[in-house]
Amino acid sequence: MGISINIAIQLARIAPLLKDCKSGVMLGRQAMHFRPPDWKPRLIASLETLGINTTEEEIFQDDGFCEAYLSKIGWPKMESLDFSDIEGAEYIHDLSYPINENLEQRFDLIYDGGTTEHVFDIASAFRNVDAMLKDGGIFVSCVGADGWFGHGFYQIGPDIPWRYWHASLGYNVLGVWTFSRHGTEAPRVIEDPTGKPRGGEFSYTKPQFIFYVVQKTPRASEPKPVIQSHYINY
């Protein structure tokens with residue numbers, strides 16, 4: 001998965017949350033997916049409303065990747081980690097397996113732009129993200145939530161940010177939203193489903209991404225068991 005119009009806008013919206021981040025890595029080198037002719041001017045106009053004045057030449061690289069765009073919207077220098085070097089990633093590692101010691105607590109920002117859903121051992125991928133983040137580091141994830149049947153191994157619900165990252169690992173949740181790939185509707189805020197009937201289930205009419213931002217806090221004990229919100233008071 002790469003960066004389409006609504007993802008690009010959301011990445012710019014949350015950039016102020018990343019102001020203290022200095023070292024970052026993407027899980028899979030992300031490309032800018034902007035084939036529809038109206039998307040580029042629409043992005044420029046949306047960035048202007050956020051106080052970011054730019055041009056297409058400044059934010060769209062000749063090779064199609066996203067580093068120039070992320071830099072322009074205020075993200076730190078971003079490297080890439082992938083299981084192959086085919087797209088020029090700086091770090092080569094299969095997230096199904098534990099990371100090497102040289103990657104432990106190395107980054108203060110990690111971006112998952114649709115990679116973990118393609119890792120069969122997705123729990124291992126999440127544990128690797130936790131291991132690679134410094135205390136105070138931020139994890140930003142944008143993956144398929146609903147209507148992406150056959151796209152990856154998994155589609156993600158609100159229990160991942162709220163019950164895994166927050167309730168189990170103790171991360172602070174800085175925001176959780178859903179939005180469609182190219183529609184114009186505003187992102188929908190996703191609150192903690194814990195204690196809500198059936199975990200706050202919701203039906204969508206268009207394929208959706210779930211986009212969340214969580215921040216690691218120092219942990220003095222082992223993570224708590226991960227229990228889905230449906231079953232907290234079972």
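Up top is the structure.
A short tour of the structure in this document, coming up. (Residues numbered from 1 in each chain as written. Predicted model: local features only at pLDDT ≥ 70, side-chain atom pairs only at ≥ 80, totals over all residues. Heavy atoms only, no water.)

1. Points about the packing of helix H1 (residues 5-13) against helix H2 (residues 39-49)
A pair of packed helices is captured by two measures, namely the crossing angle of their axes and the spacing between those axes. The N-to-C vectors of H1 and H2 enclose an angle of 20°; their axes lie 10 Å apart at closest approach. Comparing the axis directions of H1 and H2 gives the class roughly parallel. Note that H1 runs across H2; the crossing there is right-handed. Every residue of H2 that contacts H1 at Ile5, Asn6, Ala8, Ile9 and Ala12 is listed here: Trp39, Arg42, Leu43, Ser46 and Leu47. Here the residues of the contact of H1 with H2 are counted per class, giving 7 nonpolar, 2 polar and 1 charged. (Axes fitted to C-alpha atoms, helices over the stretch in contact; angles between N-to-C directions. Helix = DSSP H or I, 4+ residues; strand = E, 2+ residues; numbered from the N terminus. Parallel < 35°, antiparallel > 145°, perpendicular 65-115°, else oblique. Left-handed = near helix turned anticlockwise from the far one by under 90°. Contact = heavy atoms within 4.5 Å. Nonpolar A, V, L, I, M, F, W, Y, C, P; charged D, E, K, R; others polar.)

2. Structural notes on the side chain of threonine 116
With respect to the helices, strands and loops of the structure, threonine 116 is situated in the loop between strand S4 (107-112) and helix H5 (122-132). One polar contact links threonine 116 to aspartate 112, side chain to side chain, over a distance of 2.6 Å. Discounting residues that sit within four places of it in the chain, threonine 116 has contacts with Leu27, Ile122, Ala125, Phe126 and Val143. (Polar contact = N/O pair within 3.5 Å; in protein donor to acceptor, adjacent residues only side chain to side chain.)

3. Comments concerning the packing of aromatic side chains
In this structure the tally under the stated criterion is 17 aromatic pairs. Both rings, one in phenylalanine 120 and one in phenylalanine 153, keep their centres 5.3 Å apart while their planes meet at 70°; by these two values the pair is edge-to-face. Of this pair, phenylalanine 120 sits in the loop between S4 and H5 while phenylalanine 153 sits in the loop between strand S5 (133-146) and helix H6 (159-168), placing them 33 residues apart in sequence. Just as phenylalanine 120 is exposed, phenylalanine 153 falls in that class too. The side chain of lysine 40 reaches across the aromatic face of phenylalanine 60, ending 4.6 Å from its centre. For the cation-ring pair, arginine 188 lies above phenylalanine 202, with the distance from its terminal atom to the ring centre recorded as 3.7 Å. (Phe/Tyr/Trp six-rings, centres within 6.5 Å; stacked < 30°, edge-to-face > 60°. Buried < 20%, exposed > 50% of the residue type's maximum accessible area, 1.4 Å probe, protein only. Lys NZ or Arg CZ within 6 Å of the ring centre and 35° of its normal.)

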